[in-house]
Amino acid sequence: MLSAALLVSLPVLSACVHSAIYTSRAEANYPATGNLIDVNGTKTHVIESGKMGAPVLMIHGASANAQEFTHTLAPLLEDEFRVLMADRPGHGYSGRPRASDELATQAAQMAGILEARAGGEKAVVVGHSFGGAVALRLALDRPDLVEALVLLAPVTHDWGGGGEAWYNKYAAHPVFGAPLTQLIPIIGPGRLSSGINGVFHPEAAPPEYLEKASVPLLFRPRTFRANAKDVTNLRGELAAQQVRYDELKMPVTVYNGHRDTVIKPALHVGKLQHQVPHLEVVDLPGGGHMPHHIHSEAIAGTIRTLAMVDTAE
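Read on for an overview of the structure. (Residues numbered from 1 in each chain as written. Predicted model: local features only at pLDDT ≥ 70, side-chain atom pairs only at ≥ 80, totals over all residues. Heavy atoms only, no water.)

From N to C terminus, the protein includes 13 helices and eight strands. The C-alpha atoms of the protein give 19 Å as radius of gyration, which agrees with the globular expectation for 313 residues (20 Å, within 12%). Taken along the three principal axes of its C-alpha coordinates, the protein extends 80 × 40 × 35 Å. The contacts in the protein between residues at least 6 apart in sequence include a share of 80% that link residues at least 24 apart. Summed over its atoms, the accessible surface of the protein is roughly 13,700 Å², and 57% of this surface lies on carbon and sulfur atoms. Distance from the positive charge centre (25 side chains) to the negative charge centre (30 side chains) of the protein: 8 Å. (Helix = DSSP H or I, 4+ residues; strand = E, 2+ residues; numbered from the N terminus. Rg over C-alpha atoms; globule rule 2.2 N^0.38 Å. Contact = heavy atoms within 4.5 Å. Areas by Shrake-Rupley, 256 points an atom, 1.4 Å probe, with all protein chains shown as cover. Lys, Arg positive; Asp, Glu negative; His and termini not counted. Charge placed at Lys NZ, Arg CZ, Asp CG, Glu CD.)

At a closest axis distance of 10 Å, the pairing of helix 3 (residues 103-117) and helix 10 (residues 221-241) adopts a crossing angle of 90 degrees. Put simply, helix 3 runs roughly perpendicular to helix 10. Facing L103, A104 and Q106 of helix 3, the residues of helix 10 in contact are D230, L234, E237, L238 and Q241. Split by residue class, the contact of helix 3 with helix 10 holds four nonpolar, two polar and two charged. (Axes fitted to C-alpha atoms, helices over the stretch in contact; angles between N-to-C directions. Parallel < 35°, antiparallel > 145°, perpendicular 65-115°, else oblique. Nonpolar A, V, L, I, M, F, W, Y, C, P; charged D, E, K, R; others polar.)

With that out of the way, let us pick up the packing of helix 4 (residues 130-141) against helix 10. Interhelical geometry of helix 4 versus helix 10 gives an angle of 40 degrees and a closest axis separation of 11 Å. By the angle class used here, helix 4 and helix 10 are oblique. Crossing hand, helix 4 versus helix 10: left-handed. Across the interface between the two elements, F130, A133, L136, R137 and L140 from helix 4 touch D230, V231, L234, L238 and Q241 from helix 10. Taken together, the residues that form the contact of helix 4 with helix 10 break down as seven nonpolar, one polar and two charged. (Left-handed = near helix turned anticlockwise from the far one by under 90°.)

Before going further, it helps to examine the packing of aromatic side chains. This model, assessed by the stated rule, comprises five aromatic pairs. Both rings, one in F219 and one in F224, keep their centres 6.4 Å apart while their planes meet at 25 degrees; by these two values the pair is stacked. Both residues of the pair, F219 and F224, count as buried. In textbook terms, an aromatic cluster arises when at least three aromatic residues are bridged by ring pairs, as seen for W166, Y167, Y170, F219 and F224. Above the plane of the ring of Y93 lies R220, whose end atom (NZ or CZ) is 5.2 Å from the centre. (Phe/Tyr/Trp six-rings, centres within 6.5 Å; stacked < 30°, edge-to-face > 60°. Buried < 20%, exposed > 50% of the residue type's maximum accessible area, 1.4 Å probe, protein only. Lys NZ or Arg CZ within 6 Å of the ring centre and 35° of its normal.)

Turning next to the pattern of salt bridges. Here the structure, examined in full by the defined rule, presents 13 salt bridges. Residue D141 is joined to R137 by a salt bridge in which the shortest nitrogen-to-oxygen separation is 2.9 Å. Of the two residues, D141 and R137 are both situated in helix 4; the distance of four residues between them amounts to about one turn of the helix. Owing to a relative accessible area of 32%, D141 belongs among the partly exposed residues under this scheme. Taking relative accessible area as the criterion, R137 reaches 15% and is therefore assigned buried. With a shortest N-O distance of 2.9 Å, D144 and R142 are connected by a salt bridge. When salt bridges with common partners are traced through the structure, they connect R88, R96, D101 and D230 into a single cluster. (Salt bridge = Lys/Arg side-chain N within 4 Å of Asp/Glu carboxyl O.)

Most peptide bonds are trans, and most residues other than glycine sit at a negative phi. Looking along the chain, the bond that leaves H201 and enters P202 is cis, with omega of 5 degrees. Note on placement: P202 falls in the loop between helix 8 (192-200) and helix 9 (209-212). Phi at S63 is positive, roughly 60 degrees, even though this residue is not glycine. Tracing the chain through its elements places S63 in the loop between strand 3 (55-59) and helix 2 (74-77). Phi at S214 is positive, roughly 50 degrees, even though this residue is not glycine.

Time to look at helix 8. Listed in full, the buried residues belonging to helix 8 are L192, I196 and F200. Angularly, the buried residues of helix 8 cover 60 degrees about the axis, an arc narrow enough to put them on a single face. Residues of helix 8 that are buried in the fold lie against helix 9 and helix 12 (291-294). (Arc of directions from axis to C-beta.)

If you look at the biggest cluster of nonpolar residues, it comprises 42 residues, and the most contacted ones within it are L57, I113, V125, L138 and L149. With eight residues, helix 4 is the single largest residue contributor to this core. Among the nonpolar cores identified, the runner-up in size contains 25 residues, and I47, V150, Y255 and L284 belong to it. (Core = buried A, V, L, I, M, F, W, Y, C linked by side-chain atoms within 4.5 Å.)

Before going further, it helps to examine the sheet that holds strand 5 (residues 123-128). Strands sit in the order 1-2-4-3-5-6-7-8 across an open sheet of eight strands; the sheet is mixed. The outermost strands of the open sheet, each flanked by one partner alone, are strand 1 (35-39) and strand 8 (279-284). For this sheet, the mean inter-axis angle between neighbouring strands, taken without regard to orientation, is 25 degrees. The pairing of strand 7 (residues 252-257) with strand 8 spans six bridges and is classified as parallel. Pairing of N256 across the sheet is with D283, part of strand 8. Most of the contacts of helix 3 go to strand 1, to which it runs at about 110 degrees, and overall it touches strand 1, strand 2 (42-49), strand 3, strand 4 (82-86) and strand 5. (Pairing = 2+ DSSP bridges.)

This is the structure:
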């Protein structure tokens, strides 16, 4: 007769085996396509496109990776600029340094990429959603590396609570989070379709989005847990960061989808407008949370203009 301990351990063992198989298959189907470089002692994955021109650094949002830009903005800019697309700590194929829950740590990783791959030259920095918070921190901590910011549906301020997914709180738990995330490869993929449609709402998700953006990489347990820690700690991080935005002296352009259901654009962009002196808002009345997919030409034009201003000077 099987002992009670064995009966409990069998499902856990089964979940661990399934997650290991899932991770192996996901990484075989969606391999790293860039370079692994050492940044502050951690291997960091950077996809590079274009060899000449001013640098443009792109920082992805939550639940994503650097492939978010390889089929949207990079093809429009690679003939004129050096485009650097970075996996944030713990996402895609980047390692995760200690204290990566802090925006300062993530910004330091992005600064290290610019120093390593752009020789410390000032860059136009593009940040989507959570990546917008990281881009802002990079500009605050290392203004010597940032020529201008282009923020796409950015999260910028403490929103006062609500909207956090329950599963992220469990996955981020310091004790139970690691074993619980072993279940993610079993549960998560079945919810992909509704999740993708939700993040693009009210606009339609491109049919090829899942494949081109390597979305299944999210459901590797280590990545899901890293993402959960990021979003669970974000409010506190923003509460400390938002009081510094008046320090920003470089041009900042925000693409603001009025019908964004992932964040509250009126709160984030509205507050940012009162703090940043050189802020331009591009309003998208029918837009959602993924402007770089729907309005890629316009965003590429903004990046081009900001980079060319520096060149002209």
